[in-house]
Amino acid sequence: MSDTFGRRLREQRHTAGLTMEQLAERSGVSARAISDMERERSVAPQRRTVQALAEALALPEAEQPAFLAAARAGRPRAVATTTVAAGGCALPRPVPDFTGRGRELAQLTQVATAAGPAATAAPVVTVSGTAGVGKTTLAVQAAHLLGTTFTGGTLFVDLRGMDARPSAAAETLARLLSALGVQDDEIPADERDRAGMYRGLLHHRRALVVLDNVADESQVRPLLPGPGPSLTVITSRRLLAGLEGVHRLNLTQLPAEEAATLLRRIIGDREPDAAGEVTELCGRLPLALRIAGNRLMSRPQWTVRHLADRLSDEGRRLDQLIAGDLRIAAAFSLSYTQLSPQARRLFRRLSLASVPDFDARLAGSLDPADPDGIEDALDELVELSLLQAHVDGRYRFHNLIRLFARERLAEEEPAAGRDRPA
């Protein structure tokens, strides 16, 4: 039986000031059975037995769900359920041609290795970056690589952060508790009780939990673990700057060599010069490279040079980066719709800048309607990874996002786009 329940039972009995015999008399459970449970020599008790013990211990109502869940978590079948990540929380398949990100994988491995029983909170890693930079791909790859060291199971949940209605924390907690072996009728109705039960289950369980596509801090805060040996990896387009005490990985475009390797793994060793042009025209963004590679592989009559020539037209580049249901512009659009009205307007106007990077003063000259709100709008764009904070208070676009901003300007403010600064 899991030491979690045995430890809880013994601590609660001592807190109540009861001997085993006194607890047995109050609960109707034999002293021998209580002794076996505390020493973890018995099979997992039935729910009615645990309920009788909770009542005899006069546990506060708020603490009873975690007490019941700890007993269930100790059952062998519950552990097996966790291992296969039941309840729709199984990991997605890894990308077979995953490329690069060696530094980030090493950091995740280091954090995972250090995770263990401690008085401090279990480690949490946030992986942030713009759409298409490979956040989910990295998290899934790391989870598959590290999964064997997490004997308490590996769980994955998409929190649908870019949807009109992201998953509520209470809903996500219910899914995670179900995957950890808690029966539906034992999952508390209250979000705080669910969060307490979840933390209780992870207290002694070495589990790896991937919370993908997080909308904001409030959505994920109730899902953070307490002390224990688990590891939580969070992916989000937002920087999630409000989360305390987390390890942060901010993904940017791939280095030139890794980007070229990714494209080569998709299309083979074809036309290296043209492939190099395609790599740079895709801004070394993993999603754009995958789309370009998939287009070439699905059109065997195309040369790499032909695609490079099509991508060289800035006005049509985003339209070329479409392969089936993969569309680079659609990925950017999901982030754009999350912005406030002023941040959207500034985002569009910044595409008029003719310099590779700019400061708040230039941004204000491009959008003079609300000069006092420029800094806040710039921060919002950086927080959502639509703009990169450069050095000394300067900012810059990824080149594909700049093209997307220019398209939004032409679509929504055609008059502003006609008078582009030199």
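Residues numbered from 1 in each chain as written. Predicted model: local features only at pLDDT ≥ 70, side-chain atom pairs only at ≥ 80, totals over all residues. Heavy atoms only, no water.

## What to know about the overall build of the protein chain
We apply this condition: Note on conventions: DSSP H or I runs of at least 4 residues are helices, E runs of at least 2 residues are strands, and numbering of each starts at the N terminus. Note on classification: 1.4 Å probe, protein chains only; a residue is buried when its accessible area is under 20% of the maximum for its type, exposed when over 50%, partly exposed between these limits. By the convention used here, residues are in contact when the closest approach between their heavy atoms is within 4.5 Å. To measure how exposed things are, a 1.4 Å probe is used in the Shrake-Rupley method; for residues, cover is taken only from the protein chains shown. All tallies of charge rest on Lys and Arg as positive and Asp and Glu as negative; His and the ends of each chain are not included. A single reference atom marks each charge: NZ on Lys, CZ on Arg, CG on Asp, CD on Glu.
Regarding its fold elements, the protein chain presents 22 helices and 10 strands. With the principal axes as the frame, the protein chain shows a C-alpha extent of 85 × 50 × 35 Å. Per-residue burial for the protein chain yields a buried fraction of 53% across its 422 residues. Long-range contacts, defined here as pairs at least 24 residues apart, represent 72% of the contacts in the protein chain between residues at least 6 apart. For the protein chain, the accessible area works out to roughly 19,100 Å², and carbon and sulfur atoms hold 49% of it. Looking at charge distribution, the protein chain has the averaged site of its 53 positive side-chain charges lying 4 Å from that of its 53 negative ones.

## A few points about unusual backbone geometry
Residues other than glycine seldom take positive phi values, yet Arg 160 does so here, at roughly 55°. Structurally, Arg 160 is set in the loop between β2 (154–158) and α9 (169–179). Despite not being glycine, Glu 271 shows a phi value in the positive range, around 35°.

## Observations concerning the layout of surface pockets
So the rule is basically this: Both site types are read off a 1 Å grid over the protein atoms alone. A 1.4 Å probe that fits but cannot get out defines a cavity, while an open set with protein on both sides within 12 Å along at least five of seven lines defines a pocket; lining residues have an atom within 4 Å of a point. Grid points are joined across faces, edges and corners, and a volume is the space filled by probe spheres set on the points. Put simply, Ala, Val, Leu, Ile, Met, Phe, Trp, Tyr, Cys and Pro go in the nonpolar bin, Asp, Glu, Lys and Arg in the charged bin, and everything else, Gly too, in the polar bin.
Taken as a whole, the largest pocket spans an internal volume of roughly 930 Å³. Surrounding the largest pocket, 37 residues form its lining, Gly 132, Gly 134, Thr 136, Thr 137 and Leu 287 being those nearest its centre. Elements with a contribution of two residues or more to the lining of the largest pocket: α8 (135–146), β2, β4 (231–236), α14 (286–298), β7 (326–327) and α17 (328–336). If you tally residues by element for the lining of the largest pocket, the top one is α8, at six residues. A per-class count over the lining of the largest pocket returns 18 nonpolar, nine polar and 10 charged. Of the volumes computed, that of the second largest pocket is approximately 270 Å³. Along the wall of the second largest pocket there are 20 residues; nearest its centre are Asn 250, Leu 251, Thr 252, Leu 387 and Gln 388.

## Comments concerning the packing of aromatic side chains
Formally: Centre distance within 6.5 Å is the pairing criterion for rings of Phe, Tyr and Trp, where only the six-membered ring of Trp is used; planes under 30 degrees apart are then read as stacked, over 60 as edge-to-face, and the remainder as tilted. Note on geometry: a ring has a charge over it if NZ (lysine) or CZ (arginine) is within 6 Å of the ring centre and within 35 degrees of the ring normal.
A complete count under the given rule lists six aromatic pairs for this structure. Seen from their ring centres, Phe 347 and Phe 397 are 5.7 Å apart, and the 80° between their planes marks the pair as edge-to-face. Residue Phe 347 is found in helix α18 (residues 341–350), and its partner Phe 397 is found in the loop between β10 (395–396) and α21 (399–412); the two are separated by 50 residues along the sequence. Neither Phe 347 nor Phe 397 differs from the other in exposure class; each is buried. An aromatic cluster is present here, built from Phe 332, Tyr 336, Phe 347, Phe 358, Phe 397 and Phe 404 joined pairwise through their rings. Its guanidinium or amino end placed over the ring of Phe 150, Arg 206 lies 4.2 Å from that ring's centre, counting from NZ or CZ.

## Regarding α18
Counting buried positions along α18 yields seven of 10 residues, so the element is predominantly enclosed. Taken together, the buried positions of α18 are occupied by Gln 342, Ala 343, Leu 346, Phe 347, Arg 348, Arg 349 and Leu 350.

## Thoughts on the sheet that holds strand β1 (residues 124–128)
Rule in force here: Pairing between two strands is assigned when DSSP locates at least 2 bridges connecting them. Every axis in this analysis is a line fitted to C-alpha atoms, fitted for helices over the stretch in contact. Angles between the N-to-C directions lie between 0 and 180 degrees.
Pairing within the open sheet is parallel, and its five strands lie in the order β2-β3-β4-β1-β5. In this open sheet, the two edge strands, each paired with only one partner strand, are β2 and β5 (247–250). Geometrically, the sheet is characterised by an average inter-axis angle of 15° between neighbouring strands, direction not taken into account. Lying on the sheet, helix α7 (residues 102–114) is in contact with β1, β4 and β5; it crosses β5 at an angle near 165°.

## Observations concerning the pairing of strand β3 (residues 208–212)
In terms of burial, β3 is a largely internal element, five of the five residues being buried. The alternating pattern of β3 places Leu 208, Val 210 and Asp 212 on one face and Val 209 and Leu 211 on the opposite face, and all of these are buried. Alignment of β2 against β3, held across five bridges, turns out to be parallel. Paired with Leu 155 across the strands is Val 209, a residue of β3.

## Observations regarding the sheet that holds strand β8 (residues 357–358)
Strand order in the open sheet formed by three strands is β8-β10-β9, and the pairing between neighbours is antiparallel. At either end of the open sheet lies a strand with only one pairing partner, and these are β8 and β9 (388–389). Pairing of β8 with β10 involves two bridges; the strand directions are antiparallel. If you follow Asp 357 over to β10, its bridge partner there is Arg 396.

## Considering helix α10 (residues 191–202)
Note the cut-off: Multiplying one less than the number of residues by 1.5 Å gives the expected span of a helix. Nitrogen and oxygen atoms within 3.5 Å of one another constitute a polar contact, given that in protein one can donate a hydrogen and the other can accept it, and given that sequence-neighbouring residues count only through two side-chain atoms.
Taking 1.5 Å of rise per residue, the 12 residues of α10 would be expected to cover 16 Å, and the 17 Å separating its terminal C-alpha atoms lies within 8% of that figure. What α10 keeps buried is the set Arg 194, Ala 195, Met 197, Tyr 198, Gly 200, Leu 201 and Leu 202. For α10, the capping residue at the N-terminal end is Asp 190, with a side-chain oxygen 2.9 Å from the backbone nitrogen of Arg 192.

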